Amino acid sequence: MTFEIRTLDPLRDAELVHGWVTHPKAAFWLMGDAQLPDVEREYMGIAAAEHHDAFIGERDGVPAFLMERYDPRYVELVGLYEPEPGDIGMHFLVAPTDTPEHGFTRAVITAVMEHLFADPAVSRVVVEPDVSNKAVHALNEVVGFVPDREIDKPEKKALLSFCTRAQFEAATARAKGGRA
């Protein structure tokens, strides 16, 4: 599976993203009650931010997922852990579908990680999913994330987890049947 990742356009993509983040399967995005102007405002803010970016991942020209990248020294995790040089934070959301495809979400997170590690300055990816989101914890583990500890964020209790470039490469080699 191959994906193209492009910068999210807050005005052009707001309606699409609104449908994704308000879908019941996106409960952990905490935007279930958001109205279209709320989503436009949120992503206009991200577009204007120096340390936060949003992207749309497309498969064969069709939008398939949302990805956010952030610098944890300035966004999301300020004061909650000691960032290391080369750390980058990430969120992703697969578009809801009535016809799930086996292995699709795994392919998406792999593409997201490849995109992040394509930047040579990135040495470790940081995530902070809700502690009760067991499905994403399992998915994170498949691509090499290692849980560190639970942290209290204003909106949730989160599982702080890290994945180094070497851990990701080892995990993807295992997934392909190779050696780590």
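Above this note sits the structure.
Residues numbered from 1 in each chain as written. Predicted model: local features only at pLDDT ≥ 70, side-chain atom pairs only at ≥ 80, totals over all residues. Heavy atoms only, no water.

1. Describing helix α2 (residues 36–48)
Test applied: The secondary structure listing takes helices from DSSP runs of H or I that are at least 4 residues long and strands from runs of E that are at least 2 residues long, numbered from the N terminus. Expected span of a helix: the number of residues minus one, times 1.5 Å. Under the scheme applied here, a residue whose accessible area is under 20% of the maximum for its type counts as buried, over 50% as exposed, and between as partly exposed, the area being computed with a 1.4 Å probe on protein chains only. Working note: the arc is built from the helix axis to C-beta atom directions. The contact criterion used is simple: two residues touch if any of their non-hydrogen atoms lie within 4.5 Å.
Helix length check: α2 (13 residues) gives 18 Å between terminal C-alpha atoms against 18 Å at 1.5 Å per residue, within 8%. Residues of α2 that are buried: V39, Y43 and I46. An end-on view of α2 places all buried positions within 50 degrees of arc, on one side of the element. With respect to the buried face of α2, the exposed residues turned more than 90 degrees away are R41 and A48. Against α1 (10–21), β2 (52–59) and β3 (62–70) lie the buried residues of α2.

2. A word on the sheet that holds β2
Formally: Strands are treated as partners if at least two bridges between them are detected by DSSP. A fitted line through C-alpha atoms serves as each axis, taken over the contacting stretch for helices, and the angle formed by two N-to-C directions is quoted from 0 to 180°.
The 7 strands are arranged β1-β2-β3-β4-β5-β7-β6 in an open sheet whose pairing can be described as mixed. With partners counted over all chains shown, the strands left at the sheet margins are β1 (4–7) and β6 (146–152), one partner each. The sheet shows a mean angle of 30 degrees between the axes of neighbouring strands, direction not considered. Two strands pair when backbone bridges link them, and strand β4 (residues 87–94) and strand β5 (residues 124–127) are joined in this way by 3 bridges, in the parallel orientation. When the bridges of β5 are listed, D87 appears paired with R124. Across the sheet, helix α5 (residues 165–175) is in contact with β6 and β7 (157–164); its angle to β7 comes to roughly 80 degrees.

3. Some words on the packing of helix α3 (residues 104–117) against α5
The condition that has to hold: Each crossing is labelled by how the near helix is turned from the far one, with a counterclockwise turn of less than a right angle marking it left-handed and a clockwise turn marking it right-handed. Note that Gly is not counted as nonpolar here; it falls among the polar residues with everything else outside the nonpolar set of Ala, Val, Leu, Ile, Met, Phe, Trp, Tyr, Cys and Pro and the charged set of Asp, Glu, Lys and Arg.
For the pair α3 and α5, interaxial distance at closest approach is 11 Å and the crossing angle is 145 degrees. For the pair α3 and α5, the crossing hand works out as left-handed. Contacts between α3 and α5 involve R106, T110, M113, E114 and F117 on the former and, on the latter, R165, F168, T172 and A175. Across the contact of α3 with α5, the residue classes break down as 4 nonpolar, 2 polar and 3 charged.

4. Digging into the pattern of salt bridges
Formally: Salt bridge criterion: a side-chain nitrogen from Lys or Arg within 4 Å of a carboxyl oxygen from Asp or Glu.
As enumerated under the stated definition, the model contains 15 salt bridges in all. When the shortest N-O distance is used, the salt bridge between D87 and R124 registers 2.8 Å. Placement of the pair is D87 in strand β4 and R124 in strand β5, with a sequence separation of 37 residues. Given a relative accessible area of 8%, D87 falls into the buried group. The exposure class assigned to R124 is buried, which follows from its relative accessible area of 11%. Between K153 and E128 there is a salt bridge, and its shortest N-O distance comes to 3.1 Å. Remark: E128 occurs in the loop between β5 and α4 (134–142) and K153 occurs in the loop between β6 and β7; sequence separation between them is 25 residues. The pair formed by K153 and E128 is uniform in burial state, with each residue classed as buried. Several salt bridges share partner residues, and in doing so they unite E76, E128, K153, E155 and K156 into one network.

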